[in-house]
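Chain and residue survey
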Amino acid sequence: MLTLRLIRREARIGWPVAAVLALLAVLLTALSLSWPPRFDRLAADTLADRLDRAQLSGPLLSARAGTERMPYGDTEFPVARGTLDRDLNEIGKGLRGAAERPLATALGSAAARAVTPTATADGPGVPTFEGLPPRVSLAYAQPGPDGPVEYVQGRAPSRPAADPMVPREEVTTPIEVAVSEATRARLGLTIGQRFDLTGERWATPVVLVGSFRTDRGAARLWQQFPMLVTPVVVTSRIGRQLNGQLLTSSGGIEQAESRGTVPLELAWDLPVAVDRSGRAATPAAIAEQRSALAGLRAVDAYRLCLTGSADTCQLTGHRVTKPDLTDRLTPELDAFVTQRGRTEQLQAFALVGLLTVVVATAVAAARLGARRRAGAFALQLSRGARLTGIAGRLLVEAALPVGAGVAAGWALGRALAPADADLGSWVPVLVAALAVWCAPAAVLLGSAGRTGPLPRTRRLVLETLVLLVAGAGLAALRARGAFTGSGVDLQLALVPILLALVAVLALLRLLPPLLLRTTRWARRSSGLVPLVAMARAGATSGAAALALLVLVLAMGGGVFGSMVSRTLADDRVHTADWRTGGAPAALVGPRTRLPDDLSQVRTVGRQLTVTGATGELTAQEDGTTVPDVALVALDAATLGAADPSSPLAAALLAAAEANAPVQPAGANGTDPVLTALADPALARSFPDAVFEVATLGTTNFRVRLVGALPADALRDPVLGPVLGDGRQPGALLAFTGPSGQLLPVQSGARSALLLYPAAGGPPLDPAAVRTAAAERTAPAGVGELPVEFRDRAEELDVLSGDGLVRSVRLAFQVSTGIGLLLALGAVALELVLSATERARTTSYLRTLGLGGRAVLGLQLLQLVPLLLAATVGGGGLGLLLPGALGPGLQLRALTGGPFEPAVHVDWTATALLGAALAVLVLGAAALEAVISRRRGLGAVLRLGEAL
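Residues numbered from 1 in each chain as written. Predicted model: local features only at pLDDT ≥ 70, side-chain atom pairs only at ≥ 80, totals over all residues. Heavy atoms only, no water.

The next thing to look at is the overall build of the chain. Each helix and strand in the chain was counted, giving 30 helices and 25 strands. Residue burial in the chain is summarised as follows: out of 947 residues, 48% are buried. Across the chain, the fraction of contacts at a sequence separation of at least 24, relative to all contacts at a separation of at least 6, is 81%. (Helix = DSSP H or I, 4+ residues; strand = E, 2+ residues; numbered from the N terminus. Buried < 20%, exposed > 50% of the residue type's maximum accessible area, 1.4 Å probe, protein only. Contact = heavy atoms within 4.5 Å.)

Put into structure tokens, the structure is as follows:
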């Protein structure tokens, strides 16, 4: 009966602790299991959006092949009419069928196209260009998903009837073709006009039946056939000729084949659409995608149509060579995997910190339970019970609430996770739940036989051990640098926890002497409350170590998370500026294709042309070569007027020699000498050097270095469109003035036209600029760089909507919010733990006439040192973490910017976190003080007891 009564009594005392352990188990389980699938969904959306944007500039997967006519005795097989579409579809289906899962499910139906070799266009009304007739090819494309061709005159070419084969020399039926408005105007053609095409070993008459527009509709078609949009001038050994394309039907291609030996160029575009459910963006799924891509690149031709051989595919009357796969998908996946990995590491940083706070709160609850049951434990030990036996019983008691909490947390995590998604790993759940389960037994064993603070020797050993482990972990992290593996970076996640322990130990060392001085100051004051509050705070500073650790972790994690979010936000702005040159809008492409002037656009004020090129430098002194040097030319005065804060403009304008007239070419044939500023490394290695500059496709020239660019000039956004995304400038020469005007133009290098609004005028209108430059931004020819229109606002919207970056911000926000709530719980548990001593002191002071307001002030003032220590320690920890982690914390991979972003402190968020911490801690103290007023004096102070 006595044992049963004791069990019931201990159960009544221990149930609050069991409830706290169960709640903590629910929290850690639900968070650890539900967040990974949520993140997978965000990651899948991000990957799908990136691939959609990447496909706007061209297919991510495409295959090219050629045809040859099959021999038939001494001649060739006749062309079978009406089979081209079927044959193209057959190979397109073979390409999709050859892909393994999950790539096969991501590929859409292949859109095929066919092009004949070029032929000379000749006939009445067909003009010549510089004395040479134009050369054209016939093009056919299967209908795409972006709409039909819109005709403004005439109609689309029709498929001819399946007429019987006739000898080539008797062919008189023309092939129906259509042209764009720009091509029709350039060649002076009219609807119904007939002319002849004469190619190598083939010839045919054609008739123009329609003219279509290219400014809207069928955008993919204009991308596939840029010369359908407008003819281009091509330089060959016989001179400069206009090259263009004529649109025809599949029957028109077959007609052309039947009129000679016409090898076709075939191509298939495979659209990619990633499943947004979440699984498609996991590391395992992406690894399978890459493996499937490698298999698709190695597939032989026989698997595509089940006829022919490994190198050719035999179709109706044709042999089709093995398709050559162009893969732009793998680089996109590689970049995403890198960014996702860095995102997971930062999220693990937040999760591990939160789980540490959960475990610390569980230890605080276990301390409270041990204090409440100290009498019962002492009685059991006096009756012969063993300490390990009592600890085992505590493990059994904690197993039920912790197990129930884990089960409830699993159910809650399942409800919070997206439907049909795989939950997160059970490893962090089991580790944290094991720590929570063992907390009551560990506290009992750790405090056995000790009623006061740790002995000085044991404390020194413990502090030294923590310092050594933290120092070793930090040194190893900095020496290792950024994590290059996949999954969670435990080293990056655990080192901040060790640094938080070091911060708490330092605070515990500093608090007693500071509180002692404060107590001495309070003795000289007239009030009793400050003296008693500081004395009590000093007496309990060591016992509040656990609450201080929780507060420091919560505050430090919040400050660090706000810094990461602010840094990423600022870096997104810099990345958008880098892509547009710091201007509201920019046209980026070969210098020869950029518009000369867009002043006809009403909102365009200033215009700045930035010419880019690359070359190899050879020092005249010793013949040292410097390959792959970026050459940039611009008008520094215009840049300085458009952007007065530009460091590059300031450096170029300050260098008088960079703006000096160019030394002319010598009479003996020496090249002119341009002047330029170099990047610091090049200028330091070759001061005042003269280089021979060899550039691709242009005449050579000489350049003399007249100074060094400052470091901040290399980060000037005006260089971004020329240097390209993600490239940090190495060897760089910047030209301005007369030298910049003489920098040779390279057709294969990026240049930029930066557009600024007029000073004091309306903002730049991107739509008007896009319309005015529509002809220049038309698709480029094969192998040519396109002209891109970049709108700074659009670039920033794309970067801001990135799901991976948003997931990092969300992870830190969730961990900070829950961490603050757990910190409140830890402080409340600490207050309950010391409630008896404080109530005894309060009751004693009340007998001396202390009022209720003074008692409340005493309770709040007693916690001020703890609050200040937590704010200073946690805030300092968060502010110092980026510098302490050093190369182990690299954020550039998250935004894809050209530079590692400088860490920026979000002082507003830091102040709000400190205020929230103060409100929570002081609010808990005030609530506990109000509750303690209900206790009677006799419950806490007995006759003869001292303070």
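Turning to the nonpolar core, a few remarks are in order. Within the largest apolar cluster, 82 residues are counted, with the highest numbers of intra-cluster contacts made by Leu28, Leu346, Leu548, Leu551, Val564, Phe812 and Leu885. Among the elements that take part in this core, helix H10 (residues 329-372) stands out by supplying 15 residues, more than any other. With sequence-adjacent residues up to four places away left out, Leu548 is seen in contact with Val504, Leu507, Leu508, Leu866, Ala869 and Ala870. (Core = buried A, V, L, I, M, F, W, Y, C linked by side-chain atoms within 4.5 Å.)

Summary statistics for the chain give a mean pLDDT of 77 and a share of 79% for residues scoring 70 or more. Counting interchain partners and residues more than four positions distant, the pLDDT-below-50 stretch residues 935-947 has 17 contacts. (pLDDT = per-residue confidence, 0-100.)

Further remarks concern the pattern of salt bridges. Oppositely charged side chains can pair when the atoms bearing their charge come close. The tally for this structure, following the rule as stated, stands at twelve salt bridges. Taking the shortest distance from any N to any O, the salt bridge between Arg213 and Glu150 comes out at 3.6 Å. Taken together, the residues Arg213 in the loop between strand E10 (202-212) and helix H5 (219-224) and Glu150 in the loop between strand E6 (135-141) and strand E7 (151-154) connect sequence positions 63 residues apart. Exposure remark for Arg213: the relative accessible area of 18% places this residue in the buried category. (Salt bridge = Lys/Arg side-chain N within 4 Å of Asp/Glu carboxyl O.)

On the secondary structure map, Val808 appears in helix H25 (residues 803-833). In this structure the C-alpha to C-alpha distance between Val808 and Ala350, which are 458 residues apart in sequence, comes to 9.0 Å. With sequence-adjacent residues up to four places away left out, Val808 is seen in contact with Thr343, Leu346, Gln347, Val564, Leu568 and Leu894.

Once that is clear, we can look at the pairing of strand E4 (residues 111-115). Of all five residues in E4, five are buried; the element is thus mostly enclosed. Burial along E4 is two-sided: the face carrying Ala111, Arg113 and Val115 and the face carrying Ala112 and Ala114 are both buried. Alignment of E4 against strand E13 (residues 265-270), held across five bridges, turns out to be antiparallel. Considered in E13, the bridge of Ala111 is made with Asp269. The pairing of E4 with E6 spans three bridges and is antiparallel. Each residue of the ladder has a partner; that of Val115, found in E6, is Ala139. (Pairing = 2+ DSSP bridges.)

All right, on to the side chain of Ser739 then. Within the secondary structure, Ser739 is located in helix H22 (residues 737-741). Residue classification places Ser739 among the buried positions, given a relative accessible area of 0%. For Ser739, the residues in contact, after removing those within four places along its chain, are Val662, Leu674 and Thr675.

Attention shifts here to a nonpolar patch on the surface. Taken together, the side chains of Trp410, Trp426 and Leu430 make up a nonpolar region of the molecular surface, amounting to roughly 320 Å² of accessible area. One can find Trp410 in helix H12 (residues 387-416). (Patch = residues over 30% accessible without salt bridge, like charges linked within 9 Å, V, L, I, M, F, W, Y side chains within 5 Å. Areas by Shrake-Rupley, 256 points an atom, 1.4 Å probe, with all protein chains shown as cover.)

A word on unusual backbone geometry. You will see that Arg201, though not glycine, has its phi angle at about 70°, which is positive. Assignment of secondary structure puts Arg201 in the loop between strand E9 (194-199) and E10. Of note in the backbone geometry, Asp628 takes a positive phi value of approximately 50° without being a glycine. By the secondary structure assignment, Asp628 is in strand E19 (residues 625-633). Classification of Asp628 as exposed rests on a relative accessible area of 53%.

What follows deals with empty space enclosed by the protein. Tallied over the entire structure, the rule returns seven cavities of 30 Å³ or more. Of the volumes computed, that of the largest cavity is approximately 210 Å³. Lining the largest cavity are 19 residues; nearest its centre among them are Phe349, Gly353, Leu553, Gly556 and Gly557. Among the secondary structure elements, those contributing two or more residues to the lining of the largest cavity are H10, helix H15 (490-523), helix H17 (545-580), H25 and helix H27 (852-885). Along the lines of polarity and charge, the residues of the lining of the largest cavity split into twelve nonpolar, seven polar and no charged. (1 Å grid on protein atoms, 1.4 Å probe; cavity = no way out; pocket = protein on both sides within 12 Å on 5 of 7 lines; lining within 4 Å. Points joined across faces, edges and corners; volume = space filled by probe spheres on them. Nonpolar A, V, L, I, M, F, W, Y, C, P; charged D, E, K, R; others polar.)

Before going further, it helps to spend a moment on the pairing of strand E5 (residues 119-122). In terms of strand pairing, E5 meets E6 through two bridges, oriented antiparallel. The residue bridging Thr120 from the neighbouring strand is Arg135, located in E6. Bridge count between E5 and E9: three bridges; the pairing is antiparallel. Each residue of the ladder has a partner; that of Asp122, found in E9, is Asp196.

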